[in-house]
Amino acid sequence: MKTVVITGAAGFLGSHLADRMLSEGYRVVGIDNLITGDLKNLEHLKSDTRFEFLEHDVTTYTSVKGAVDCILHFASPASPIDYLKIPIQTLKVGSLGTHNLLGMAKEKKARFMIASTSEVYGDPLEHPQSETYNGNVNAIGPRGVYDEAKRFQESMTMAYHRVHQLDTRIARIFNTYGPRMRLNDGRVIPAFIGQILRGEPLTVFGDGSQTRSFCFVDDLVEGIFRLLSASYHLPVNLGNPHETTILEFAKELLELTESKSEIQFEPLPVDDPLKRQPDISLAQELLGWKPETARREGLAKTIAYFRQLSPEELRHKEHRTFN
Ligand code: UDP
């Protein structure tokens, strides 16, 4: 049986990837320091003997026993409010963490994939964003800690590919949503759904004319799995090109949930990108991949997930232990 190590396994994407890799027949070793991840996302795997969880911070020396075929480095704070609260940890996991895991990949002769991001394009001056665009990032702004960590992560991964011939993959992931997102992580989809469920106004930042393009998690996981199986080392955009303004999106959610919540405008955060839309022609050509889930369907599944949370969970994030 092949073994895959997934960092950030207790997070939103990491836990969905753990499910997918198990269903593909892999043994999965999930690593997470639980700084933003939640063991609740892995609770359903507790009795699966092919799944092992290690509570560990990958910015320190990292190793697992036995053979490893693939390493998927998905550990990172991933929400703008996290970057403000834990900027140093965000920088460390993308830099020191990536270096440690590349070292482990070299030692184990494992395939190595990183979760890069549309944030490498910063506030883009090219629209839509294709992989050849070099971006417009403010290194010293509040989001810079994430953007630069991810840019460093890409550089380091390419260096290991070039110097050590490591078999590497770089997924540039655009806004993704779905069940298991942290309700209170401040990102727009959980924020709006939480506000709707609590009967609060929807906080639209700025005038809501900034755009995003939202991909449902199952589509993203399919793209990641295909990229892992392809033989391609340069960055590949993965996301849904269906673009919307944040104000239109707030209205769409209100309509979908038949909510009476008002819209409340709040200041636009510093360096909030004005536009974001992936050009996925490379992924289409290389992987035969494009998102298949309609937004209404993806949102309905996401809303259903948030609806089944307890009133207590609707208010706070819980910290659980695995055993
Ligand atoms: N946003 C908003 N209200 C919120 C949270 C976010 O209007 O309560 C906006 C935010 O300013 C940004 C977009 O929604 O323009 C997406 O924000 P998110 O934090 O989800 O991710 P980003 O794409 O900015 O990393």
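What counts and how
Residues numbered from 1 in each chain as written. Predicted model: local features only at pLDDT ≥ 70, side-chain atom pairs only at ≥ 80, totals over all residues. Heavy atoms only, no water. Axes fitted to C-alpha atoms, helices over the stretch in contact; angles between N-to-C directions. Helix = DSSP H or I, 4+ residues; strand = E, 2+ residues; numbered from the N terminus. Parallel < 35°, antiparallel > 145°, perpendicular 65-115°, else oblique. Left-handed = near helix turned anticlockwise from the far one by under 90°. Contact = heavy atoms within 4.5 Å. Nonpolar A, V, L, I, M, F, W, Y, C, P; charged D, E, K, R; others polar. Buried < 20%, exposed > 50% of the residue type's maximum accessible area, 1.4 Å probe, protein only. Pairing = 2+ DSSP bridges. Right-handed = clockwise from strand over helix to strand, strands pointing away. Near = heavy atom within 4 Å. Polar contact = N/O pair within 3.5 Å; in protein donor to acceptor, adjacent residues only side chain to side chain. Expected span 1.5 Å × (residues − 1). Salt bridge = Lys/Arg side-chain N within 4 Å of Asp/Glu carboxyl O. Phe/Tyr/Trp six-rings, centres within 6.5 Å; stacked < 30°, edge-to-face > 60°. Core = buried A, V, L, I, M, F, W, Y, C linked by side-chain atoms within 4.5 Å.

Peer 1: Is there a simple way to think about the packing of helix H5 (residues 188–198) against helix H9 (residues 295–307) in this case?
Peer 2: A pair of packed helices is characterised by two quantities: the angle between their axes and the separation of those axes. Interaxial distance between H5 and H9 falls to 10 Å at its minimum, and their mutual angle equals 55 degrees. Between H5 and H9, the angle is such that the two are oblique. Here H5 runs over H9; the crossing is right-handed. Contacts from Ile 189, Pro 190, Ile 193 and Leu 197 of H5 reach H9 at Leu 299, Thr 302, Ile 303, Phe 306 and Arg 307. Across the contact of H5 with H9, the residue classes break down as seven nonpolar, one polar and one charged.

Peer 1: I'm lost on the pairing of strand E6 (residues 168–173) in this one. Help?
Peer 2: Regular strands show a simple pattern: their side chains alternate between the two faces of the sheet. By the criterion of burial, E6 is predominantly enclosed, with six of the six residues buried. The alternating pattern of E6 places Thr 168, Ile 170 and Arg 172 on one face and Arg 169, Ala 171 and Ile 173 on the opposite face, and all of these are buried. Pairing between strand E5 (residues 111–117) and E6: six bridges, direction parallel. Within E6, the position partnered with Thr 117 by the bridge is Ile 173. Between the parallel elements E5 and E6, the chain passes through helix H4 (residues 144–164) in a crossover that is right-handed.

Peer 1: What should I look at first to understand the site of the ligand in this one?
Peer 2: Taken together, 18 residues form the shell around the ligand, and within it Arg 143, Thr 203, Arg 212, Asp 272 and Arg 276 come nearest. Here an oxygen atom of the ligand and a side-chain polar atom of Gln 210 are 3.0 Å apart. Take Asp 272: an N or O atom from its side chain is 2.5 Å from an oxygen atom of the ligand. Put simply, the parts of the chain that give the shell around the ligand at least two residues each are H5 and strand E8 (202–205). Per-class residue counts for the shell around the ligand are eight nonpolar, four polar and six charged.

Peer 1: Would you mind showing me how to read H9 here?
Peer 2: Counting along an α-helix, one turn takes 3.6 residues, and residues three or four places apart therefore face a common direction. Helix length check: H9, at 13 residues, gives a terminal C-alpha distance of 18 Å against a target of 18 Å (1.5 Å per residue), a fit within 8%. Along its buried surface, H9 packs onto strand E7 (176–177), H5, strand E10 (215–216), strand E12 (243–245), helix H7 (246–257) and helix H10 (311–315).

Peer 1: Hey, could you run me through the pattern of salt bridges in this one?
Peer 2: Pairing is possible between side chains that carry opposite charge, provided their charged atoms lie close to one another. Per the counting criterion, the structure on display carries 21 salt bridges. Across the pair Arg 143 and Glu 119 runs a salt bridge whose closest N-O atoms are separated by 2.6 Å. Residue Arg 143 is located in the loop between E5 and H4, and its partner Glu 119 is located in the loop between E5 and H4; the two are separated by 24 residues in the primary sequence. When the shortest N-O distance is used, the salt bridge between Arg 172 and Glu 154 registers 2.7 Å.

Peer 1: In this structure, what is going on with the packing of aromatic side chains? I would like to understand it.
Peer 2: Between two aromatic rings, the relevant description is the distance of the centres plus the angle of the planes. Inspection of every chain in the model, using the stated rule, returns seven aromatic pairs. Both rings, one in Tyr 121 and one in Phe 174, keep their centres 6.1 Å apart while their planes meet at 40 degrees; by these two values the pair is tilted. Of this pair, Tyr 121 sits in the loop between E5 and H4 while Phe 174 sits in the loop between E6 and E7, and the two are 53 residues apart along the sequence. Both residues of the pair, Tyr 121 and Phe 174, count as buried. Judged by centre distance (6.4 Å) and plane angle (25 degrees), the rings of Phe 192 and Phe 249 are stacked. Taken together, the residues span a long stretch of sequence, with Phe 192 in helix H5 and Phe 249 in helix H7 at a distance of 57 residues.

Peer 1: Can you walk me through the nonpolar core in this structure?
Peer 2: A general trend in soluble globular proteins is that nonpolar side chains are found buried together. Ile 6, Met 21, Val 28, Leu 72, Phe 74 and Leu 238 are the most contacted members of the largest nonpolar core, which totals 64 residues. Looking at this core element by element, the count peaks at seven residues for helix H6 (residues 217–229). Once residues lying within four places of it in the same chain are set aside, the contact partners of Phe 74 are Thr 7, Gly 8, Leu 13, Leu 17, Met 113, Ala 115, Ile 173 and Ile 224. Judged by nonpolar contacts, the second largest core, of 21 residues, contains Val 64, Ile 71, Val 93 and Phe 112.

Peer 1: Is there a simple way to think about the sheet that holds E6 in this case?
Peer 2: Within a sheet, each strand pairs with its neighbour through backbone hydrogen bonds, oriented either parallel or antiparallel. What the seven strands build is an open sheet, ordered E3-E2-E1-E4-E5-E6-E11; its pairing is parallel. Looking along the sheet, the strands with just one partner apiece sit at the ends: strand E3 (51–55) and strand E11 (235–238). Adjacent strand axes in the sheet meet at a mean angle of 20 degrees when their direction is disregarded. The pairing of strand E4 (residues 70–73) with E5 spans four bridges and is parallel. When the sheet's bridge partners are listed, Cys 70 is paired in E5 with Arg 111. Running over the sheet, helix H1 (residues 12–23) touches strand E1 (3–7), strand E2 (27–32), E3, E4 and E6 and is turned about 170 degrees from E1. Sheet strands in contact with H6 are E4, E5, E6 and E11, and its direction is about 160 degrees off that of E6.

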